[in-house]
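Here are the chains, one letter per residue:
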Amino acid sequence: MGEITNVSEYEAIAKQKLPKMVFDYYASGAEDQWTLAENRNAFSKILFRPRILIDVSNIDMTTTVLGFKISMPIMIAPTAMQKMAHPEGEYATARAASSAGTIMTLSSWATSSVEEVASTGPGIRFFQLYVYKDRHVVAQLVRRAERAGFKAIALTVDTPRLGRREADIKNRFTLPPFLTLKNFEGLDLGKMDEANDSGLASYVAGQIDRSLSWKDVKWLQTITKLPILVKGVLTAEDARLAVQSGAAGIIVSNHGARQLDYVPSTIMALEEVVKAAQGRIPVFLDGGVRRGTDVFKALALGASGIFIGRPVVFSLAAEGEAGIRKVLQMLREEFELTMALSGCRSLKEITRNHIVTEWDAPRPVPRL
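Procedures and definitions
- Residues numbered from 1 in each chain as written.
- Predicted model: local features only at pLDDT ≥ 70, side-chain atom pairs only at ≥ 80, totals over all residues.
- Heavy atoms only, no water.
- Salt bridge = Lys/Arg side-chain N within 4 Å of Asp/Glu carboxyl O.
- Buried < 20%, exposed > 50% of the residue type's maximum accessible area, 1.4 Å probe, protein only.
- UniProt positions renumbered as here; feature names shortened; annotations may be inferred.
- Helix = DSSP H or I, 4+ residues; strand = E, 2+ residues; numbered from the N terminus.
- Contact = heavy atoms within 4.5 Å.
- Polar contact = N/O pair within 3.5 Å; in protein donor to acceptor, adjacent residues only side chain to side chain.
- Right-handed = clockwise from strand over helix to strand, strands pointing away.
- Core = buried A, V, L, I, M, F, W, Y, C linked by side-chain atoms within 4.5 Å.
- Phe/Tyr/Trp six-rings, centres within 6.5 Å; stacked < 30°, edge-to-face > 60°.
- Lys NZ or Arg CZ within 6 Å of the ring centre and 35° of its normal.
- Axes fitted to C-alpha atoms, helices over the stretch in contact; angles between N-to-C directions.
- Parallel < 35°, antiparallel > 145°, perpendicular 65-115°, else oblique.
- Arc of directions from axis to C-beta.
- Pairing = 2+ DSSP bridges.

A. Region of the structure containing the pattern of salt bridges. Evaluated as defined, the whole model comprises 18 salt bridges. The partner of Glu349 in a salt bridge is Arg345, and the shortest N-O contact between them spans 3.2 Å.

Rendered as structure tokens:
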């Protein structure tokens, strides 16, 4: 095929290159995969109200996240086991994020350790945390992330049990034998057993704490000074509780549609969460972002930034570090163009009035 011109094109290349078990693990969603499709489709229910004849010769996309200055509101979400996609795995992702001037979130289930990722050089990095039944393991991991210079913890709260991903059951998914979950290697938790369904589902059932509750969000703050982002909030009720529990931010996420099917798309849940947070803490979004227009729509609905997941692993599989750089560059350029054509010169100029959604009340026609 010719030159890659958009983010979505990497999926087909990844599918050609990767073993079926690996591609299916990255690509699939839970059960009927209704939410998986909806995460994308819902963006088309939002249209632009562009403002014209505004001087857009200078566009500033910079922003700050938890006090850290980044080049654009487009960041990298945690995705597990990246060395299944490419031998350089998380190293490549870390370098691409750093060169783009943005934040990478490292998965607990990475195939490279926090120390290894830190060794790639400077960069602002967050650490995604799964809470294991053994809290000593958790405390140790958080301390290691802190020591390695990670700047925040993204606490995944939507996975007391693993969602039912039927491709993984059919493929009897397990981590390839030459790889380990590097952060847990020394703790005898780095390997995944073969199972007669999904090896990952069995691993989660054995290791991840189903009793996780809001009191644990408080506990986490007693063992670390790092800010905590609560990842996996979809309702106003939980947004309020996140604020009350001392979270530094919220990530509106349905885990890439891999947990509970028939939850709304994240872009549909976003406004409810933003309103409930009342500006007290920033709200971010992941799920289904493939275009610069998607980024703009999320910001217009009140998000402070977005995270991309699958585009990272698909582009990594296709072209390694260069692929991820290209994805970040394409999204950046598309987002800049969307801002210009909408009449916005900085992120603070992006408002709710720049979009109209299917659920908006009809606007009164201004009297002449």
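B. The arrangement of unusual backbone geometry in detail. A positive phi angle, near 50°, is found at Arg172, a position not held by glycine. Given a relative accessible area of 42%, Arg172 falls into the partly exposed group.

C. A look at the UniProt feature "active site" (unreviewed entry) in the protein chain. The UniProt feature table records "active site" (unreviewed entry) at His255. Assignment of secondary structure puts His255 in the loop between strand E9 (249-252) and helix H11 (266-277). Leave out the neighbours within four places in its chain, and His255 touches Tyr130, Thr156, Asp158, Thr159 and Arg165. At 2.8 Å, the side chain of His255 forms a polar contact with the side chain of Asp158.

D. Molecular detail of the pairing of E9. Burial along E9 is two-sided: Gly249 and Ile251 facing one way and Ile250 and Val252 facing the other are all buried. With helix H10 (residues 236-244) bridging strand E8 (residues 228-233) and its parallel neighbour E9, the resulting β-α-β unit is right-handed. Where the polypeptide runs from E9 across H11 and back to strand E10 (residues 283-286), its parallel neighbour, the crossover connection is right-handed.

E. Highlighting the environment of Ser253. As for its placement among the helices and strands, Ser253 is situated in the loop between E9 and H11. Residues Ser253 and Thr156, spaced 97 residues apart in sequence, show a C-alpha to C-alpha distance of 9.4 Å. Aside from chain neighbours lying at most four places away, what touches Ser253 is Asp158, Lys231, Gly232, Val233, Leu234, Thr266 and Asp286. Separated by 2.7 Å, the side chains of Ser253 and Asp286 make a polar contact.

F. Molecular detail of the nonpolar core. Core analysis: the biggest nonpolar cluster contains 109 residues, and Trp109, Leu129, Tyr132, Leu270 and Phe335 have the highest contact counts within it. With 13 residues, helix H13 (residues 310-342) is the single largest residue contributor to this core. Apart from the residues lying within four places of it in its own chain, the contact partners of Leu270 are Val252, Val283, Leu285, Ala298, Leu301 and Ala303. Counting 12 residues, the second-largest nonpolar core is a separate cluster that includes Ile70, Leu229, Ile251 and Phe307.

G. A look at the packing of aromatic side chains. Applying the stated criterion across every chain yields a total of 11 aromatic pairs. A ring pair is formed by Phe48 and Phe296, whose centres lie 5.4 Å apart and whose planes are at 85°; its orientation type is edge-to-face. A residue pair is termed long-range when its members are at least 10 positions apart, and Phe48 in strand E1 (residues 46-48) and Phe296 in helix H12 (residues 292-300) qualify at 248 residues. Take Phe48: its relative accessible area is 29%, and that puts it in the partly exposed class. With 6.2 Å between their ring centres and 85° between their planes, Phe127 and Phe150 make a pair best called edge-to-face. Taken together, the residues Phe127 in strand E6 (residues 125-129) and Phe150 in the loop between helix H6 (135-147) and strand E7 (152-156) connect sequence positions 23 residues apart. For the pair Phe127 and Phe150, a shared accessibility class is recorded, and that class is buried. Arg135 extends its terminal NZ or CZ atom over the ring of Trp219, reaching a point 5.4 Å from the ring centre. The residue whose ring lies beneath Lys297 is Phe48, and the NZ or CZ to ring-centre distance is 5.3 Å.

H. Main features of the packing of helix H2 (residues 20-27) against H13. It is the contact of H2 with H13, at a shortest axis distance of 10 Å, that shows an interaxial angle of 155°. By the angle between their directions, the pair H2 and H13 is classed as roughly antiparallel. Each of Phe23, Tyr26 and Ala27 in H2 lies in contact with H13, whose residues at this interface are Arg310, Val313 and Phe314.

I. Representation of the environment of Leu53. Its location among the elements puts Leu53 in the loop between E1 and strand E2 (63-65). When the C-alpha positions of Leu53 and Ser342 are compared, they lie 9.9 Å apart, and in sequence the two are 289 residues distant.

J. Expanded view of helix H1 (residues 9-17). Among the residues making up H1, those that are buried are Tyr10, Ile13 and Ala14. When H1 is viewed along its axis, its buried side chains cluster within an angular range of 100° and face the same direction. Opposite its buried face, H1 presents the exposed residues Lys15 and Gln16, each directed more than 90 degrees away. Contacts made by the buried residues of H1 are with H2 and H13.

K. Inspection of the pairing of strand E11 (residues 305-308) at higher detail. Side chains Gly305 and Phe307 of E11 all project onto a buried face; the interleaved residues Ile306 and Ile308 project onto the opposite face, where all are buried too. Bridge count for strand E4 (residues 74-76) against E11 is three bridges, and the pairing is parallel. Pairing of Met75 across the sheet is with Phe307, part of E11. In the sheet, E10 pairs with E11 via three bridges, with the strands oriented parallel. Residue pairing in the sheet places Leu285 in a bridge with Ile306 of E11. Once you follow E10 into H12 and on to E11, the crossover reads as right-handed.

L. Structural context of H2. Burial runs high along H2: six of the eight residues are buried. Taken residue by residue, H2 has Val22, Phe23, Asp24, Tyr25, Tyr26 and Ala27 as its buried positions. Packed against the buried residues of H2 are H1, helix H3 (34-41), helix H7 (166-170), helix H8 (199-207) and H13.

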